[in-house]
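What follows is the residue order along each chain.
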Amino acid sequence: MDKRLLIIDGLNLIRRLYAALESEKDLDRRVERTQSISIDALVKLIHQIVPSHMVVVFDSSGQTWRHKIFPEYKLGRVPMDDQLLESLPDFAKVFRYNKIHCLRLTGWEADDLIATLAVKAANKGVKSYIVSTDKGFTQLLDNENILQYDYFAKLGYDKVWVPGKYGVQATQLADYWALVGDTTNRIPGVKGIGPKTALSIMETHSTIESIYQNVTSFSDRIQHLLSDNYEQCLLSRRLVSLKVDAEIGVRLSQLVYQPT
């Protein structure tokens, strides 16, 4: 069987399953039901993907490198329920009991760990399946060995899908988001530049550096919008770009999925 690495964005999956049980007022019971449904979801994914390797990746608590260079990062997002937050270690225990590896590293967001795992595995010819609704992972889809799957929408995404969704290639998404911003994570773009304007700009110059090196080739309106925003664009691009070189200290051989 071909090697397949199934990577689950743990908190992304758990929070959505927990939210779907909003009618359950007993919070302890709500967490227990979420754990049960999470296992059901993982079992379905295992049957669907048939992975040779598998891992559920969790965010660490506290600040990451993004917060250090941009304190406003994710500021104002709805906080997780205390009951769910306190139970996350129990989710990992339940997953491990079911022979599913879990990964969490202090100071790192799950996104960067997932990106690093996927890219390293893909570069070795291992097909990597990232299960998450997070749009940030689409920047990795230029690698044909990396696919993304939305468990809730039952949709898979690849490099062919990206231009139809965003109008740019996967490799251009970080520069595109640097222009339009990422409201989910409170990462600013250039005020006045939305998707249509960003695409018109990137038709001729696809990187922030190229755009600003040729800024006089654009209309007066666009020149005015871009004015004095070069450093902000570079910062925003850095913030939206996923790290693919995190020092994880985990080998692919340690993530072999061996069901009982």
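Above: the structure in question.
Asks: Describe in detail empty space enclosed by the protein, supporting the description with residues and values.
Replies: Scanning all chains against the criterion turns up one cavity of 30 Å³ or more. When its volume is computed, the largest cavity comes out at roughly 30 Å³. Among the residues making up the lining of the largest cavity, the classes are represented as five nonpolar, three polar and one charged.

Asks: I'd love a proper account of the sheet that holds strand β4 (residues 127-131), names of residues and values included.
Replies: Read from one edge of the open sheet, six strands run β3-β2-β1-β4-β5-β6, paired in mixed fashion. The open sheet is flanked by β3 (101-103) and β6 (155-157), the only strands paired with a single partner. The sheet shows a mean angle of 25° between the axes of neighbouring strands, direction not considered. By the bridge criterion, three bridges tie strand β2 (residues 53-57) to β3 in an arrangement that is parallel. Note that in β3 the partner of V57 across the bridge is L103.

Asks: Residue-level account of the packing of aromatic side chains, with values.
Replies: Tallied over the entire structure, the rule returns eight aromatic pairs. Between the aromatic rings of Y166 and Y176, the centroid separation amounts to 6.3 Å while the plane-to-plane angle is 65°, which identifies the pairing as edge-to-face. Linking Y166 in helix α6 (residues 161-166) with Y176 in helix α7 (residues 173-180), this pair joins segments that are ten residues apart in sequence. In this structure Y166 comes out as buried when scored by relative accessible area, which is 12%. One cation-aromatic arrangement involves R30 over Y18; the distance from NZ or CZ to the ring centre is 3.8 Å. The aromatic ring of Y151 is capped on one face by K154, whose charged end is 3.5 Å from the ring centroid.

Asks: Quick one: what's the story with the pairing of β2, residue by residue and with numbers?
Replies: In terms of residue burial, β2 counts as a mostly covered element, since five of its five residues are buried. Of the two faces of β2, the one lined by H53, V55 and V57 and the one lined by M54 and V56 are each fully buried. Alignment of strand β1 (residues 4-9) against β2, held across five bridges, turns out to be parallel. Residue pairing for β2: D9 is matched across the bridge by V57.

Asks: Which residues make up the layout of surface pockets, and what are the values?
Replies: In this structure, the largest pocket encloses a volume near 1500 Å³. In terms of lining, the largest pocket is formed by 49 residues, of which the most central are L11, R15, D59, K74 and R77. Mapped by element, the contributors of at least two residues to the lining of the largest pocket are α1 (10-19), α3 (65-69), α4 (82-97), β3 and α11 (230-240). Here the residues of the lining of the largest pocket sort into 21 nonpolar, 13 polar and 15 charged. As for the second largest pocket, its lining consists of 14 residues, of which L117, K120, V250, R251 and L252 are closest to the centre. Ranked by residue count, the leading element in the lining of the second largest pocket is helix α5 (residues 110-122), at four residues. Across the lining of the second largest pocket, the residue classes tally to eight nonpolar, two polar and four charged.

Asks: So, the pattern of salt bridges: which residues are in play, and what are the values?
Replies: Where charged atoms from two side chains of opposite charge come close, those side chains can pair. Evaluation of the coordinates by the stated rule reveals nine salt bridges. Through salt bridges with shared partners, a single network forms among R66, K74, E109 and D112.

Asks: Account for the side chain of S132, naming residues and giving values.
Replies: Within the element layout of this structure, S132 appears in the loop between β4 and β5 (146-150). A distance of 3.0 Å separates a polar side-chain atom of S132 from the backbone nitrogen of D134. In this view, S132 contacts D9, N12, F137, Q148, Y149 and D150; residues no more than four positions away in its chain are not counted.

Asks: Got a sec to walk through unusual backbone geometry? Specific residues and values, please.
Replies: The backbone of V50 shows a phi angle near 55°, a positive value even though the residue is not glycine. You can see V50 is positioned in the loop between α2 (27-49) and β2. Using a relative accessible area of 38% as the deciding quantity, one classes V50 as partly exposed. Look at R186: it is not a glycine, yet its phi comes out positive at around 65°. Secondary-structure assignment places R186 in the loop between α7 and α8 (195-202).

Reading the values: the criteria
- Residues numbered from 1 in each chain as written.
- Predicted model: local features only at pLDDT ≥ 70, side-chain atom pairs only at ≥ 80, totals over all residues.
- Heavy atoms only, no water.
- 1 Å grid on protein atoms, 1.4 Å probe; cavity = no way out; pocket = protein on both sides within 12 Å on 5 of 7 lines; lining within 4 Å.
- Points joined across faces, edges and corners; volume = space filled by probe spheres on them.
- Nonpolar A, V, L, I, M, F, W, Y, C, P; charged D, E, K, R; others polar.
- Pairing = 2+ DSSP bridges.
- Helix = DSSP H or I, 4+ residues; strand = E, 2+ residues; numbered from the N terminus.
- Axes fitted to C-alpha atoms, helices over the stretch in contact; angles between N-to-C directions.
- Phe/Tyr/Trp six-rings, centres within 6.5 Å; stacked < 30°, edge-to-face > 60°.
- Buried < 20%, exposed > 50% of the residue type's maximum accessible area, 1.4 Å probe, protein only.
- Lys NZ or Arg CZ within 6 Å of the ring centre and 35° of its normal.
- Salt bridge = Lys/Arg side-chain N within 4 Å of Asp/Glu carboxyl O.
- Polar contact = N/O pair within 3.5 Å; in protein donor to acceptor, adjacent residues only side chain to side chain.
- Contact = heavy atoms within 4.5 Å.

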